[in-house]
Amino acid sequence: MSSLESPLQEKLVLKKKVCILGGMEHYKDEFQKELSSNALPIENKRNIGVNISKIDFSFKKNEKFEFLLWNIDCRQQRAYLRTIFYNGAEAIIIFISETKLDQILHYIDEIQARIPSITLVFCIILEQFTKDEIIHRYFINEDFKSKIKSYNIQINEISKPSDILSQICTTFLKRDKYKELDNAYIIDFIPLNFLFIHSDVSDECNDYYEPETRNNKIIQHINTEKLVNYILNLRLDVQFESDNWLKIENEEFGTFSIYLKNGNAYYFPKICEKCKEKNCLRLKKAPFFICIEAGESTGWTNISGFDQSELLILTKILALKEGNENNLPRSVLKQINNINTCEKIKK
């Protein structure tokens with residue numbers, strides 16, 4: 001640590017997992033090599049389907065990010081395997097060839113079905129065409145125009161690889177500030193000679209190979225409008241913090257929040273609510289994620305547009321509102337008790 005850095009500044013390091021996909025394996029390897037401060041041998045990617053490296057990235061003055069970059073093999077022989085590496089990722093970079101732009105739509109469908117909230121950056125590498133030529137030739141496609149409109153996709157032209165990381169940092173900080181966890185979609189155009197200034201690497205883009213879905217949990221999208229209507233009609237003693245966040249006060253444990261778009265539950269303990277230690281690192285990490293999942297039953301309902309996903313969120317609301325040591329599932333109680341173990345109180 002330099003003499004200009006205070007201990008407080010040193011703590012402002014945000015650690016995030018980022019995956020990199022796409023059929024341009026040589027370009028992905030070169031991207032990882034150029035930006036990473038530490039990396040495992042690239043042979044890992046050929047042997048197990050992924051290679052991991054660390055990127056230390058300073059964003060603006062006080063925000064420092066430590067990215068774990070997972071370079072995932074997207075060739076046909078690895079298609080069945082790649083989705084197991086997505087778990088925990090908060091951003092995905094996808095290298096797209098200017099000759100295979102249809103892969104954008106395939107990857108949007110694939111990622112959206114598996115990760116409820118993600119920053120998705122498509123990097124279109126310009127080798128023969130310009131940004132305007134590609135937009136005029138391909139983006140007039142009705143399916144693509146519909147995606148751009150419905151997902152509010154940003155379209156940019158960038159001049160260096162680090163611009164991609166800056167965009168990802170911006171989305172992370174925006175989510176933390178506004179507590180919104182929706183997907184963020186970005187399309188970047190970058191000339192090949194800007195992407196790899198000191199390299200003469202070339203690449204041929206592989207076709208898109210759809211991953212197998214038999215052993216993967218496909219995420220259902222929540223009908224939030226209908227869900228909110230039922231919550232209001234039931235007159236539950238809960239509060240809406242915003243259009244997508246529900247706040248639940250539990251007399252025994254503290255405060256729970258549920259993000260209605262994916263059903264994720266978060267917990268702010270009573271011990272932290274009463275804590276007077278303003279510099280407590282544990283307090284800064286709150287609220288804590290609580291895992292509450294459906295069992296093997298498929299569930300049922302005769303309400304059109306109100307399926308198991310919506311019913312699960314409604315069940316979570318009722319359980320967390322009235323929950324106590326006697327009626328909550330053991331797995332949930334174990335997480336709550338672990339969070340409530342405060343080292344300061346022990347002393």
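Criteria and thresholds
Residues numbered from 1 in each chain as written. Predicted model: local features only at pLDDT ≥ 70, side-chain atom pairs only at ≥ 80, totals over all residues. Heavy atoms only, no water. Phe/Tyr/Trp six-rings, centres within 6.5 Å; stacked < 30°, edge-to-face > 60°. Buried < 20%, exposed > 50% of the residue type's maximum accessible area, 1.4 Å probe, protein only. Lys NZ or Arg CZ within 6 Å of the ring centre and 35° of its normal. Helix = DSSP H or I, 4+ residues; strand = E, 2+ residues; numbered from the N terminus. Contact = heavy atoms within 4.5 Å. Salt bridge = Lys/Arg side-chain N within 4 Å of Asp/Glu carboxyl O. Pairing = 2+ DSSP bridges. Axes fitted to C-alpha atoms, helices over the stretch in contact; angles between N-to-C directions.

1. Observations concerning the packing of aromatic side chains
Thought 1: One pass over the structure, following the stated rule, counts 17 aromatic pairs.
Thought 2: For the pair Phe 139 and Phe 144, a centre-to-centre distance of 4.4 Å together with 35° between the ring planes defines the contact as tilted.
Thought 3: For Phe 139, a relative accessible area of 7% gives the class buried.
Thought 4: Above the ring of Phe 172, the side-chain terminus of Lys 16 is found at 5.0 Å from the ring centroid.

2. Things to note about the environment of Cys 123
Thought 1: Inspection of the secondary structure assignment puts Cys 123 in strand E6 (residues 119-126).
Thought 2: Relative accessible area serves as the criterion here: at 0%, Cys 123 is assigned to the buried category.
Thought 3: Between the C-alpha atom of Cys 123 and that of Asn 156, which follows or precedes it by 33 residues, the distance is 9.7 Å.
Thought 4: Beyond its immediate chain neighbours, meaning those up to four positions away, Cys 123 contacts Ile 94, Phe 95, Ile 96, Ile 164, Asp 188 and Ile 190.

3. As for the pattern of salt bridges
Opposite charge on two side chains lets them pair, provided their charged atoms get close.
Thought 1: In total, this model carries 14 salt bridges according to the counting rule given.
Thought 2: Close ionic contact of Glu 43 with Arg 46 constitutes a salt bridge, the shortest N to O distance being 3.5 Å. Note that Glu 43 and Arg 46 are positioned in helix H3 (residues 43-48) at a spacing of three residues, about one turn of the helix.
Thought 3: Residues Glu 142 and Lys 145 are paired through a salt bridge, measuring 3.7 Å at the closest nitrogen-oxygen approach. Residue Glu 142 and its partner Lys 145 are both found in helix H6 (residues 142-151); the two are separated by three residues, about one turn of the helix.
Thought 4: For Glu 142, a relative accessible area of 55% translates into the label exposed.

4. Let's talk about the sheet that holds strand E13 (residues 288-290)
Thought 1: Overall, antiparallel pairing links the five strands, which are arranged E9-E10-E11-E12-E13 in an open sheet. Two strands in the sheet have a free side with no partner beyond their single neighbour: strand E9 (239-240) and E13.
Thought 2: Inspection of the sheet shows E9 paired to strand E10 (residues 245-250) by two bridges, in the antiparallel sense. Each bridged residue has a counterpart across the sheet, and for Gln 239 the counterpart in E10 is Lys 247.
Thought 3: Its contacts with the sheet put helix H12 (residues 308-322) on E10, strand E11 (254-259) and strand E12 (264-269), and the angle it makes with E10 is roughly 30°.

5. A look at the sheet that holds strand E3 (residues 50-59)
Thought 1: Overall, mixed pairing links the eight strands, which are arranged E2-E3-E4-E1-E5-E6-E8-E7 in an open sheet. At either margin of the open sheet sits one strand with a lone partner, and together these are strand E2 (38-39) and strand E7 (154-157).
Thought 2: Of the pairings in the sheet, the one linking E3 to strand E4 (residues 63-72) comprises ten bridges and is antiparallel in character. Counted as the bridge partner of Asp 56 is Glu 66 from E4.
Thought 3: Relative to E4, helix H2 (residues 25-35) is tilted by about 150°, and along the sheet it contacts strand E1 (13-21), E3, E4, strand E5 (91-97) and E6.
Thought 4: Sitting on the sheet, helix H4 (residues 103-112) touches E1, E5, E6 and strand E8 (184-191), and the angle it makes with E6 is about 165°.

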